[in-house]
Amino acid sequence: MNTELLDDTDKLMLRILQKDAHLTVKELAARVHLSPSPTFERQKRLERLGYIKRYMAVVDPKKVGNGILVLCNIRLKQHTQSLIQQFMDAVQHIDEITECYNTSGDFDFLIKVYTKDMKAYQQFMLNTLGTIPCVGSLNSIFVIDQTKSTHGVPVP
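Quick caveat: nothing in here was measured; it's all calculated off a predicted structure. Per chain, residue numbering runs from 1 following the sequence as it is written. Per-residue local features are limited, in this predicted model, to residues with pLDDT of at least 70; the limit for side-chain atom pairs, both in listing and counting, is 80 or more; totals at the level of whole chains, interfaces and linings are taken over all residues. As a convention, hydrogens and water are excluded, and side-chain values are obtained from all of the structure's heavy atoms.

Q: Residue-level account of the sheet that holds strand 3 (residues 109-115), with values.
A: DSSP-based pairing: two strands are paired if at least 2 bridges between them are found. A run of DSSP states H or I qualifies as a helix once it reaches four residues; a run of E qualifies as a strand once it reaches two. Both are numbered from the N-terminal end. Here four strands make up an open sheet; going across it, the order is 2-3-1-4 and the pairing antiparallel. Single-partner strands in this sheet number two, and they are strand 2 (97-102) and strand 4 (135-142). Sheet twist, expressed as the mean angle between neighbouring strand axes with direction ignored, is 20°. Inspection of the sheet shows strand 2 paired to strand 3 by five bridges, in the antiparallel sense. Paired with Glu99 across the bridge in strand 3 is Lys112. Each axis is a line fitted through C-alpha atoms, and for a helix only the stretch in contact is used; angles between axes span 0 to 180 degrees, taken between their N-to-C directions.

Q: Help me get a handle on unusual backbone geometry, residues and values and all.
A: Peptide bonds are mostly trans, and most non-glycine residues show a negative phi. Positive phi, close to 65°, is recorded for His33, a residue that is not glycine. Inspection of the secondary structure assignment puts His33 in the loop between helix 2 (25-32) and helix 3 (36-48). The class for His33 is exposed, based on a relative accessible area of 70%. For His151, which is not glycine, the phi torsion reads 65° and is therefore positive. Turning to its location among the elements, His151 is positioned in the segment after strand 4. Exposure categories follow from relative accessible area, calculated using a 1.4 Å probe and restricted to protein chains: below 20% of the type maximum is buried, above 50% is exposed, and the middle band is partly exposed.

Q: Please set out the packing of aromatic side chains residue by residue, giving values where relevant.
A: Put simply, two rings from Phe, Tyr or Trp (the six-membered ring, in Trp's case) pair if the centres are within 6.5 Å, and we call them stacked under 30 degrees between planes, edge-to-face over 60, tilted for the rest. One pass over the structure, following the stated rule, counts three aromatic pairs. A ring pair is formed by Tyr121 and Phe142, whose centres lie 5.4 Å apart and whose planes are at 85°; its orientation type is edge-to-face. You can see Tyr121 sitting in helix 5 (residues 118-127) and its partner Phe142 sitting in strand 4, a full 21 residues away along the chain. Judged by its relative accessible area of 36%, Phe142 falls in the partly exposed class.

Q: Residues and numbers for the side chain of Lys112, please.
A: Turning to its location among the elements, Lys112 is positioned in strand 3. Assessed through its relative accessible area of 13%, Lys112 is described here as buried. The criterion used for residue contact is that any of the two residues' heavy atoms lie within 4.5 Å. The contact partners of Lys112, leaving out residues within four places of it in the chain, are Leu69, Val70, Leu71, Glu96, Ile97, Thr98 and Glu99.

Q: Explain the nonpolar core residue by residue, including any values.
A: As used in this record, nonpolar core signifies buried Ala, Val, Leu, Ile, Met, Phe, Trp, Tyr and Cys residues forming a set joined through side-chain atoms within 4.5 Å. Counting residues in hydrophobic clusters, the biggest one holds 19 residues, and the most contacted among them are Ile74, Phe87, Ile97, Ile111 and Leu129. Going through the elements one at a time, strand 1 (68-76), helix 4 (81-91), strand 3 and helix 5 are the ones with two or more residues in this core. Not counting the four nearest positions on each side in its chain, Phe87 is found in contact with Ile74, Leu76, Cys100, Phe109, Ile111, Ile132, Cys134 and Val135. Judged by nonpolar contacts, the second largest core, of 12 residues, contains Leu14, Leu17, Leu28 and Val155.

Q: So, the environment of Ser137: which residues are in play, and what are the values?
A: Following the sequence through the fold, Ser137 ends up in strand 4. In this view, Ser137 contacts Asn73, Ile74 and Arg75; residues no more than four positions away in its chain are not counted.

As structure tokens, this is what we get:
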């Protein structure tokens, strides 16, 4: 997607909606200094063109029982297209994995995993990750504290 299709008002709308997608069209219109009708049309255009992928609530993981956040580097047994695809397909169906990135360097993938506690993570490693045949090794990084989490992207 090319940002040349966006004017300053579109960009402002994206910045505002990333911070609070719960705004009504009327509230958004007031913040971008337009009337509701053109604001609504612009928002729908941004959705249609794929600039806005979806709207969601950001849930506090600890409040729903996920006290441990783990960043886990995965190395596959081999680098074949079928094994890479096998891993990418497998992670789609694992609820504990909230993000997965194909990476460069010493590891092939980085996953973000939420579990209840250390015991639950151990069971997750053994009974979930350990059952994916293409996984060769993993390196777990336990997050002590989260310093920043915006869930947004910079809009120039």
